[in-house]
Structures are given as structure tokens and as C-alpha cells.
Amino acid sequence: RHFHGMLEEVTDDQAPQITLEGDRLSLVGLDLETLPSTLGAQYGGVARHIDVSFNQLTLMNGLDGLPNLQSIVADNNSLEGLSGIPPIQCLKTLSVNNNRISDLKGFIDAVLTSFPNIAFLSMLKNPACPNYFTGHDSEDYQRYRYYVIYRLRQLRFLDSTPVTDLERSEAVRVGSFALPARPDPAQYGRAAPPVLPDEVPELPPELKKEGQGKASFGVSNYVYYGRQSEGNRFIQNDDL
């Protein structure tokens, strides 16, 4: 390891290029699929902020031993949720922009469990965040905000916008109903059972004979002259 003032750089060929500047730990752009399991042992007593953006992370395992984190930035990864993160009471800021989070309720449940005192959250460019980045309108996005603000009562900023007093009061009123219903994935591949020819019921015997059913078929001699048609008032003889 080489020390340059407050900057520590891990240069081992077998280790990712992790940098620590002051209390800020950076693992940006290292093409990581998982976080190193030694982060807590190496930096647990120092790190207050961690940035793991621009990797290939699908999980955030590896934060054990970092109980003093105040912010996590994990933008531009492949995260689908936050399972596996131990509770971090002092964490205030979480940024997970441009990931693959689609289950909003499950994600907020995990945030409440792992970061009960969160005040700043940004999750733009995720399927669970319906805004213009994902092809939705402002009403969809506002409903999303009401739900998140309703669940995270201490939130001060959501995405790039501060939480207003009006939003907070409205979230109390409608937030519990603002979460869009999600279809059960188990139903996606479910098909109706085939109906065999022998299982199709026949018509009752009294309806088999012509003229005895409730419906009939025949030929009518009725000619429509259009006398009751309002549109015909505007058609002149020369137009016919």
C-alpha cells in the first residue's frame, strides 16, 4: 500500500483499486459484481461515506463492519433490491439511481429495516420510480412520491426535490393508497386449461328444433328510407 497524505491506495494486483480520502471510501468504476468482504475490517473505523457507482453490483452484501456510514452512493449498477444490508442507524443518504429496482414496496421495506433514519433518497431511472426517464407522466411520479414520503416519515429530499409540508400532509392522507398494484408474476405463464370437444355442452333438446330458440334467423323486406336520420337533413337531392 502507498500512502500520500490522506489518500490510501490499494495497489495489490489481486485487489480492486480502492481509495480512501479522509472518511470517503471510493470503489467507483471497478467492474465489481460483489463488494470485497474485507471492507469492514480494513475501513470500518474510518469510512463515513462510500461510493460504489459504475459497477455491476446486483447485491450490496459486504457492508458488514461499516456501522458508521452516513451515505451510500450506488448509482449505475444492476441492483434489484437491498437485501443483505445490516441496519445502519446513522445513515442519512442513499442514492441508487439507474439500477433495476422494480418492486417499490419491497425496496422501501428494506430501506426502513436497514436505514431507519434516512433523510435523503434518490432512485431515479429505476422501473419502480415512474417519471419521464421511464416513460411516465407527472401524476404517476407524484403518486410515487406520496407513497415513499408516507412510508419514510423522516425523509427530507426525494430524488432531486425537497419534500414539502404540503406533500407530507397529502402523503398522510393518500399515501397508503398510492402504490400501484403489481400483478402476481406466477400468473404470467399461466394458461387456461384446454377444453376437449367432449366437454363442450350441447344445446338443450328444445332449442335444437328450428323456430323454438330465443334467437331466430330470417330475411326481412324492410326498406330504410332514412326519415328519422338527423344527418340526412344536410343531404340535398343533387347530392344523391
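Residues numbered from 1 in each chain as written. Predicted model: local features only at pLDDT ≥ 70, side-chain atom pairs only at ≥ 80, totals over all residues. Heavy atoms only, no water.

K.L.:
Explain the confidence of the model for the protein chain to me, please; I cannot follow it from the model alone.
P.N.:
For residues with low pLDDT, the predicted coordinates do not support detailed interpretation. When pLDDT is averaged along the protein chain, the result is 82; 66% of the residues meet or exceed 70. Across residues 1–12 the pLDDT falls below 50, and counting only partners more than four positions away or on other chains, this stretch makes 28 contacts in the model. (pLDDT = per-residue confidence, 0-100. Contact = heavy atoms within 4.5 Å.)

K.L.:
Can you walk me through the pattern of salt bridges in this structure?
P.N.:
A side chain with one charge can pair with a side chain of the opposite charge if their charged atoms come near. Per the counting criterion, the structure on display carries five salt bridges. Among the ionic pairs, Lys105 bridges to Asp109, the shortest N-O distance being 3.0 Å. In this pair, Lys105 and Asp109 both sit in helix 2 (residues 104–114), four residues apart, roughly one turn of the helix. Taking the relative accessible area as the measure of exposure, Lys105 reaches 41% and is therefore partly exposed. Residue classification places Asp109 among the partly exposed residues on the basis of a relative accessible area of 27%. (Salt bridge = Lys/Arg side-chain N within 4 Å of Asp/Glu carboxyl O. Helix = DSSP H or I, 4+ residues; strand = E, 2+ residues; numbered from the N terminus. Buried < 20%, exposed > 50% of the residue type's maximum accessible area, 1.4 Å probe, protein only.)

K.L.:
Sorry, what's going on with the environment of Pro67 here?
P.N.:
Structurally, Pro67 is set in the loop between strand 5 (49–51) and strand 6 (71–73). With 22 residues separating them in the primary sequence, Pro67 and Gly45 have C-alpha atoms 8.6 Å apart. The residues contacting Pro67, other than those within four sequence positions of it, are Gly44, Ile88 and Cys90.

K.L.:
Just checking my understanding: could you explain unusual backbone geometry for this structure?
P.N.:
With the exception of glycine, the majority of residues adopt a negative phi angle, and the majority of peptide bonds are in the trans configuration. In this structure, Asp31 takes a positive phi of about 60 degrees despite not being glycine. With respect to the helices and strands, the residue Asp31 is situated in the loop between strand 4 (24–26) and helix 1 (39–43). For Asp31, a relative accessible area of 56% puts it in the exposed group. A positive phi is found at Asn98, a non-glycine position, where the angle reads about 55 degrees. Structurally, Asn98 is set in the loop between strand 7 (93–95) and helix 2. A residue is classified by how much of its surface remains accessible, and Asn98, at 32% relative accessible area, is partly exposed.

K.L.:
Even after reading the chapter, I still don't get the environment of His49, so can you show me in this structure?
P.N.:
Structurally, His49 can be placed in strand 5. Those residues in contact with His49, other than ones at most four positions away along the chain, are Asp23, Arg24, Leu25, Leu69, Gln70 and Ser71.

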